[in-house]
Amino acid sequence: DIIYLMTDLLIAEEKDVLIEQGVVKTVYDQTMGTSQMLACMEERLKELDEEAEVALFGQELNPETFAIAKADMIIKGGKSENMRQGNTLSDDKFPGYTFDYCISNPPFGIEWKVERKAVEKEAKLGDKGRFGVGLPKISDGQQLFDLNGLSKLKDTGRMAIVHNGSPLFSGDAGSGSSEIRRYIIENDWLEAIVQLPNDSFYNTGITTYIWIMSKEKPAHRVGKVQLIDASDMFEKRRKSIGSKRNDISEECREVIVKAYGEFKNQEYKLGDRVCESKIFDNIDFGYNKIVVESPLLDEEGKIVYKGKKPVADTSKRDTENVPLIEDIDSYFNREVLPYNPDAWIDKSKTKVGYEIPFTRYFYKYQAPERADVIAERIFEMEKDLMSSLRALFAEDGEAIE
């Protein structure tokens, strides 16, 4: 269900063109497993065009799942040599290749210590390598797959990739994680992020997101990012499979794809379930992290100077995140100086950061329950408890007053 949602989002913007002109496409999965994503992508494209020419390419680390993928390709009569085994991060099997689509579900929160030496070596190549933009924290390599996937896209290519919440906000301004987000957003490649229902995967119940990236956005999406909260778009399974308790039904999928395609600030309903879409400017996710200094005071409470400049008291150093859309000095004069008139900004330490506080954008305030309602519920619970105790002890021949 998740894979079909990803495929439908990938082709949504160009579906009409594909039907009219015919399909000749290449598809790449950098963490292909048994190649289910590739198979579903091929299926969707051939539904649009029975004579579609779809070339599939995939890389997989695990030898068992790689063997299944390769065998499946042989059975289908495809090019099994396009299924390759190896570590995508440290041993890229497709150097110099570019593809029309990239679709993948990389591992969540897995450290990349094993690949560290090779990845850092390639990062030093800058624009000539895949990882010159920046490196995420060693404990979580998800964003490295963003960089690899983007490096494999044609100038008109599109990518769908599944992440947990970490790539949305992990890392401070100037960190590798923030720089990767900055690279994606400032290049105007991020089209949309869709929050999926919890308990949608077999092996985890955590909140997950589909990122849709495009090297060539449609005109109406230029400079914009769409966030879609589809966490309510599911049907409960009658029987869970591992952690998977919810399915994204065909009806739910249609609502999500409609919300994506219409590109509006709007709620979409399916019965009592709601899918909400919000549109933002790229710049809305950026901020300047400024360093605010306060002067060092001597024993008499006077400011200590070195030359004509006040000496900073490092114990009082503070930081503020100022939205990119706002002037730093105006923010400082309004938010800091009234409370600390001797403070100043050390502009040499200002750094640009990017984060996507998805949950905050969709937060809806719910008024707390009234105290009298809570008290009444507690009173009823106490009555039920006492009634149960009376029944219990009465069976033993004792009574409770």
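The following paragraphs examine the structure supplied in this document. (Residues numbered from 1 in each chain as written. Predicted model: local features only at pLDDT ≥ 70, side-chain atom pairs only at ≥ 80, totals over all residues. Heavy atoms only, no water.)

With that settled, the discussion passes to the overall build of the protein chain. For the protein chain, the helix and strand inventory stands at twelve helices and 18 strands. Here the C-alpha radius of gyration of the protein chain, 27 Å, is well above what a compact globule of 401 residues would show, namely 21 Å. Along the three orthogonal principal directions, the C-alpha set of the protein chain runs to about 90 × 85 × 40 Å. Counting over 401 residues, the protein chain shows a buried share of 45%. For the protein chain, restricting intrachain contacts to residue pairs at least 6 apart in sequence, the fraction spanning at least 24 positions comes to 73%. Total accessible area on the protein chain stands at roughly 21500 Å², and carbon and sulfur atoms take up 50% of it. Mean positive and mean negative side-chain charge positions of the protein chain (55 and 73 charges, respectively) differ by 5 Å. (Helix = DSSP H or I, 4+ residues; strand = E, 2+ residues; numbered from the N terminus. Rg over C-alpha atoms; globule rule 2.2 N^0.38 Å. Buried < 20%, exposed > 50% of the residue type's maximum accessible area, 1.4 Å probe, protein only. Contact = heavy atoms within 4.5 Å. Areas by Shrake-Rupley, 256 points an atom, 1.4 Å probe, with all protein chains shown as cover. Lys, Arg positive; Asp, Glu negative; His and termini not counted. Charge placed at Lys NZ, Arg CZ, Asp CG, Glu CD.)

Next up on the list: the pairing of strand β2 (residues 53-60). Within β2, six of the eight residues are buried, leaving the element largely enclosed by the surrounding structure. Here strand β1 (residues 24-29) runs beside β2; their pairing, made up of six bridges, is parallel. If you follow V27 over to β2, its bridge partner there is L56. On the question of chirality, the crossover connecting β1 to the parallel β2 by way of helix α3 (residues 36-48) is right-handed. Taken together, the three bridges between β2 and strand β3 (residues 83-85) define a ladder with parallel strand orientation. Across the sheet, residue G58 finds its bridge partner in β3, namely M83. Regarding the hand of the β-α-β motif, the stretch spanning β2, helix α4 (residues 63-76) and β3 is right-handed. (Pairing = 2+ DSSP bridges. Right-handed = clockwise from strand over helix to strand, strands pointing away.)

Here the focus is the pattern of salt bridges. The full count for this structure, using the stated rule, is 31 salt bridges. Its salt-bridge partner being D329, residue K347 comes within 3.0 Å of it at the nearest N-O pair. Placement of K347 in the loop between β17 (344-345) and β18 (351-354) and of D329 in helix α10 (residues 328-335) is noted, with a sequence separation of 18 residues between them. Among the charged side chains, a salt-bridge network with shared partners connects D1, R237, K244 and D247. (Salt bridge = Lys/Arg side-chain N within 4 Å of Asp/Glu carboxyl O.)

A few words now on the environment of A55. Counting through the fold element by element, A55 comes out in strand β2. On the basis of relative accessibility, which here comes to 27%, the residue A55 falls in the partly exposed class. Taking C-alpha positions, A55 is 9.5 Å from L38, a pair spaced 17 residues apart along the chain. Dropping the residues within four chain positions of it, A55 is found in contact with K25, T26 and V27.

Attention now goes to α4. Compared with an ideal rise of 1.5 Å per residue, which puts 14 residues at 20 Å, α4 spans 20 Å between its outermost C-alpha atoms and is within 8% of the ideal. Buried within α4 are the following residues: F66, A69 and M73. End-on, the buried residues of α4 take up no more than an arc of 65°, which puts them together on one face. Exposed residues lying more than 90 degrees from the buried face of α4 are E64, I74 and I75. (Expected span 1.5 Å × (residues − 1). Arc of directions from axis to C-beta.)

Per the stated rule, a full pass over the model turns up 14 aromatic pairs. With a centroid separation of 5.2 Å and an interplanar angle of 90°, the aromatic rings of Y183 and W189 are classed as edge-to-face. Feature note: the residues Y28, F57, F94, Y97 and F99 constitute an aromatic cluster, connected by ring pairs. The ring centre of Y260 lies 4.1 Å from the NZ or CZ of R221, which sits over that ring. When the ring centre of F362 is taken as origin, the NZ or CZ atom of K278, which lies over that ring, is 5.1 Å away. (Phe/Tyr/Trp six-rings, centres within 6.5 Å; stacked < 30°, edge-to-face > 60°. Lys NZ or Arg CZ within 6 Å of the ring centre and 35° of its normal.)

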